[in-house]
Amino acid sequence: MSLSPLSLRPVYVCDYALASFWTFDFQTFDFPTFDFRLSTSRLSTLDFRLPDFRLISSMKKILITGAAGFIGYHLSQRLLKDGYRICGIDNLNDYYDPTLKQARLDHLQLSTFDRSTSSTTPRQAFRLLDLQDFDGLTKLLTEIQPDLVINLAAQAGVRYSLEHPRAYIQGNIDGFFNILEASKQQGVQNFIYASSSSVYGNNAKSPFAETDRVDYPVSLYAATKKSNELIAHTYSHLYQMTTVGLRFFTVYGPWGRPDMAYYFFTKAILAGEPIRLFNQGLNLRDYTYIDDIVESIARMIPTMGALKPDSDFDQYQATRSPFHHIFNIGGSQPVPVLEFVQTLEDVLGKKACKELVDFQPGDVFSTQADTQALESFINFKPGISLKEGLAEFVKWYRSYYE
Ligand SMILES: NC(=O)c1ccc[n+]([C@@H]2O[C@H](COP(=O)([O-])OP(=O)(O)OC[C@H]3O[C@@H](n4cnc5c(N)ncnc54)[C@H](O)[C@@H]3O)[C@@H](O)[C@H]2O)c1
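Worth saying up front: this structure is predicted, and the values here are computed from it rather than measured.

The rules behind each value
- Residues numbered from 1 in each chain as written.
- Predicted model: local features only at pLDDT ≥ 70, side-chain atom pairs only at ≥ 80, totals over all residues.
- Buried ≥ 20, exposed ≤ 12 C-beta atoms within 10 Å, placed from the backbone.
- Helix = DSSP H or I, 4+ residues; strand = E, 2+ residues; numbered from the N terminus.
- Pairing = 2+ DSSP bridges.
- Contact = placed C-beta atoms within 7 Å.
- Near = placed C-beta within 6 Å.
- Nonpolar A, V, L, I, M, F, W, Y, C, P; charged D, E, K, R; others polar.
- Axes fitted to C-alpha atoms, helices over the stretch in contact; angles between N-to-C directions.
- Parallel < 35°, antiparallel > 145°, perpendicular 65-115°, else oblique.
- Left-handed = near helix turned anticlockwise from the far one by under 90°.

Draft legend 1. Expanded view of the pairing of strand β11 (residues 324-329). In terms of burial, β11 is a largely internal element, 5 of the 6 residues being buried. Direction of pairing for strand β6 (residues 242-248) relative to β11: parallel, over a ladder of 6 bridges. Looking at the pairing, Thr243 lines up with His324 of β11.

See the structure below:
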């Protein structure tokens, strides 16, 4: 499969939209209000300060990479609702069905921003752009001057990395470096990026905590995500950028990714086709419903000021940069894949034809998130049940395909 950008309809690419994005007066926005009842004792152990409320309203313009992707779509939708100004980029590659990516963009209604709408001020814009295009990224960042960059664009998937390793180096190493370096050069102070639970590899200690060592990745995908964390740390140390790596645990939900098991299991079960369960279906997975991911990030953005150290802190003396942070975001209720399939069967009202097969190289046996750091920081714990989440996914799946 080619990973080069598709020459799809060149909609969404609109200089006017970007110009208005840049000049918009943010004073008119109502910013979201959150409950900041944080545990100060826990915060102090994690080197956090309580939110600096002067900083909350300073996060106004946000660049989201991978905006046409599963998480990028949901996050863009939520942040637009919360009153932020969003600029999305994506290369719309064909790793999975690009018409789904296009449909997500259509649903976000980004296409309304063309010259015919010049009398209105858009709050969102989209540009077809590849993370490998450093000059393009620099130009865009110069135009929009975001307060925050959220990097979700990446070559995802563990199994694909066995056959297409170069795609991971290009997208997740070169691409990650490009967006981080371009952000630094343009003076962006806040940078959130997607890491992954896969960095924990086959660690025996469970649940996985951010303080655990993550030195033994078992897939190239995991190695690139761990590398992202190391590179981000370096930028925090050298340039005092606040960087936040989010280790997502198996995210699922409506508008999801067709390459993920829950998605293609649903397709196969409905079609009466067999599904293959690796390691006899005994692998444990911590599934996280998309709304829990989005809620976590939405709460994190206005509180990012709290992640900065006191001004008298000598960062060059620190072993770990006080500007670099990692959070797990996971449902914390792992289930064996067999049980997951049973729940899916219940929701679909149809039995699966299961093929129990051997362990797959690159896979891990078990994932479970320790989310105490997240809870302490944003006063929120992901909690949507598998049954509830899968019901929402199946509802969407049926309406999208049937
Ligand atoms: N979904 C999960 O379960 C999960 C778990 C752990 C980590 N993550 C990470 O979260 C992020 C978002 O994941 P997702 O599930 O939404 O995946 P996704 O594939 O749906 O979204 C990624 C988007 O990035 C775009 N993209 C890829 N390479 C690009 C490049 N070089 N330039 C520009 N755009 C590019 C793709 O076209 C896609 O639309 C990824 O970094 C992924 O590794 C996801």
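Draft legend 2. Representation of the environment of Ile144. Mapped onto the elements of the fold, Ile144 is located in helix α6 (residues 134-144). As for Ile144 and Ile86, which are separated by 58 residues in sequence, their C-alpha atoms are 9.9 Å apart.

Draft legend 3. Representation of the environment of Ser332. Assignment of secondary structure puts Ser332 in the loop between β11 and β12 (335-336). Take Ser332: there are 20 C-beta atoms within 10 Å of it, and that puts it in the buried class. Separated by 50 residues in sequence, Ser332 and Pro382 place their C-alpha atoms 7.9 Å apart. Not counting chain neighbours up to four residues away, the residues in contact with Ser332 comprise Pro207, Asp286, Gln368, Ala369, Thr371 and Pro382.

Draft legend 4. Representation of the environment of Arg85 in the model. Examined against the element boundaries, Arg85 turns out to sit in strand β2 (residues 85-90). Separated by 22 residues in the primary sequence, Arg85 and Leu63 have C-alpha atoms spaced 8.6 Å apart.

Draft legend 5. Up close: the site of the ligand. Around the ligand lies a shell of 28 residues, among which Gly66, Gly69, Ala153, Ala154 and Ala194 are the nearest. Of all the elements in the fold, those that place two or more residues in the shell around the ligand are α4 (70-81), α8 (165-185) and β5 (190-196). Among the elements that make up the shell around the ligand, the one with the highest residue count is α4 (3 residues). Classifying every residue of the shell around the ligand gives 12 nonpolar, 12 polar and 4 charged.

Draft legend 6. How the structure looks around the sheet that holds β11. Strands sit in the order β3-β2-β1-β4-β5-β6-β11 across an open sheet of 7 strands; the sheet is parallel. Both outer strands of the open sheet, β3 (124-128) and β11, are each paired with one neighbouring strand and no more. The mean inter-strand angle of the sheet, taken between neighbouring strand axes irrespective of direction, is 20 degrees. Where strand β1 (residues 61-65) and β2 come together, 5 bridges link them in parallel fashion. Across the sheet, the residue bridging to Ile64 is Gly88, located in β2.

Draft legend 7. Spatial organisation of the packing of α4 against helix α11 (residues 290-300). In contact at an axis separation of 10 Å, α4 and α11 are set at 50 degrees when each is read in the N-to-C sense. In terms of their interaxial angle, α4 and α11 are classed as oblique. Helix-helix and strand crossings are classified by hand; for α4 and α11 the assignment is right-handed. Within the contact between the two elements, α4 uses Ile71, His74, Leu75, Arg78 and Leu79 and α11 uses Ile290, Ile293, Val294, Ile297 and Ala298.

These values are about where atoms sit, not about what they do.
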